[in-house]
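Report on the structure
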Amino acid sequence: AGGIDCWAEFTDCCACTAAAAAAAATAAASAGIGVQLGGVSPLGGRLVEAPLVESPAECAGIRRGDRVLEIDGIPSESLTLDETTTLLRGPAGSSVALSVAPQGPAQQTPRQLLLERRPLPQPAIKEAQLPLPDGRVVQYVRLHYFSHEATAGLAQVVASAESEGQH
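The rules we used
- Residues numbered from 1 in each chain as written.
- Predicted model: local features only at pLDDT ≥ 70, side-chain atom pairs only at ≥ 80, totals over all residues.
- Heavy atoms only, no water.
- Salt bridge = Lys/Arg side-chain N within 4 Å of Asp/Glu carboxyl O.
- Helix = DSSP H or I, 4+ residues; strand = E, 2+ residues; numbered from the N terminus.
- Buried < 20%, exposed > 50% of the residue type's maximum accessible area, 1.4 Å probe, protein only.
- Patch = residues over 30% accessible without salt bridge, like charges linked within 9 Å, V, L, I, M, F, W, Y side chains within 5 Å.
- Areas by Shrake-Rupley, 256 points an atom, 1.4 Å probe, with all protein chains shown as cover.
- Core = buried A, V, L, I, M, F, W, Y, C linked by side-chain atoms within 4.5 Å.
- Contact = heavy atoms within 4.5 Å.
- Pairing = 2+ DSSP bridges.

If you walk through the whole model with that rule in mind, you get two salt bridges. Residue D66 is joined to R111 by a salt bridge in which the shortest nitrogen-to-oxygen separation is 3.8 Å. Pair noted here: D66 is in the loop between α3 (56-59) and β3 (67-71) and R111 is in strand β6 (residues 111-116), with a separation of 45 residues, a long-range link. Judged by relative accessible area, which is 5%, D66 ranks as buried. Here R111 falls in the partly exposed class, since its relative accessible area comes to 29%.

The following block contains the structure:
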């Protein structure tokens, strides 16, 4: 468990602290639907890189590889990534309309979604114990981002698993 502390040097810097403060201020001022968009797809729209865990986007069934064709009626490929972020964010409780095409052939019918923006506290880690058929348990840990919270959370998960005899 001692090796976990080596990440502290990477998460304890001025840039990380400033970025965390900026992110906290942005989150306090607005909310979103919890989707990370990427580049423009050759089939049209912007590719979904990932929905955030338990976000409105994930709950609506938006998946990696889907294409966001329109945001509030505006074709997403005509927008920069910063502009798409601005349109997806807004006051908590407000709504944003999306046209989303599923991953796959271009001829699939897009879904029209109306999602409510909400604050998106994304935990640094998500963990679960997964039982195996032979009775052993695997400790699953998903690291969302590096931070002091992630370092402490990962150290706690590893220590807990070790104390329970998991390796």
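Before going further, it helps to spend a moment on a nonpolar patch on the surface. Residues L130, L132, V138 and Y140 make up a contiguous nonpolar surface patch of roughly 310 Å² in combined accessible area. Residue placement: Y140 occurs in strand β8 (residues 137-143). With relative accessibility at 39%, the residue Y140 sits in the partly exposed group.

Turning our eyes to something else, we now look at the nonpolar core. Counting 15 residues, the largest nonpolar core has V35, I62, I71, L88 and L98 as its most contacted members. Listed by contribution, the elements that provide at least two residues to this core are β1 (35-40), β3, β5 (95-101) and β6. A per-element tally of this core places β5 first, with three residues. Sequence-distant contacts of V35, that is, excluding residues within four places in its chain, are made with V48, A50, P51, A57, I62 and L88.

This part takes up the pairing of β8. Of the pairings in the sheet, the one linking strand β7 (residues 125-131) to β8 comprises seven bridges and is antiparallel in character. In the strand pairing of β8, K126 is matched with R142. Where β7 hands over to β8, the hairpin turn is made up of five residues, of which G135 adopts a positive phi near 95°.

In the Ramachandran plot, E54 falls in the positive-phi region, its phi being about 60° despite a non-glycine side chain. For E54, a relative accessible area of 52% gives the class exposed. A positive phi angle, near 50°, is found at D72, a position not held by glycine. Considering the arrangement of structural elements, one finds D72 in the loop between β3 and β4 (74-75).

For the rest of this paragraph, the subject is the pairing of strand β2 (residues 46-51). With four bridges joining them, β1 and β2 adopt antiparallel strand pairing. Paired with Q36 across the two strands is A50, which belongs to β2.

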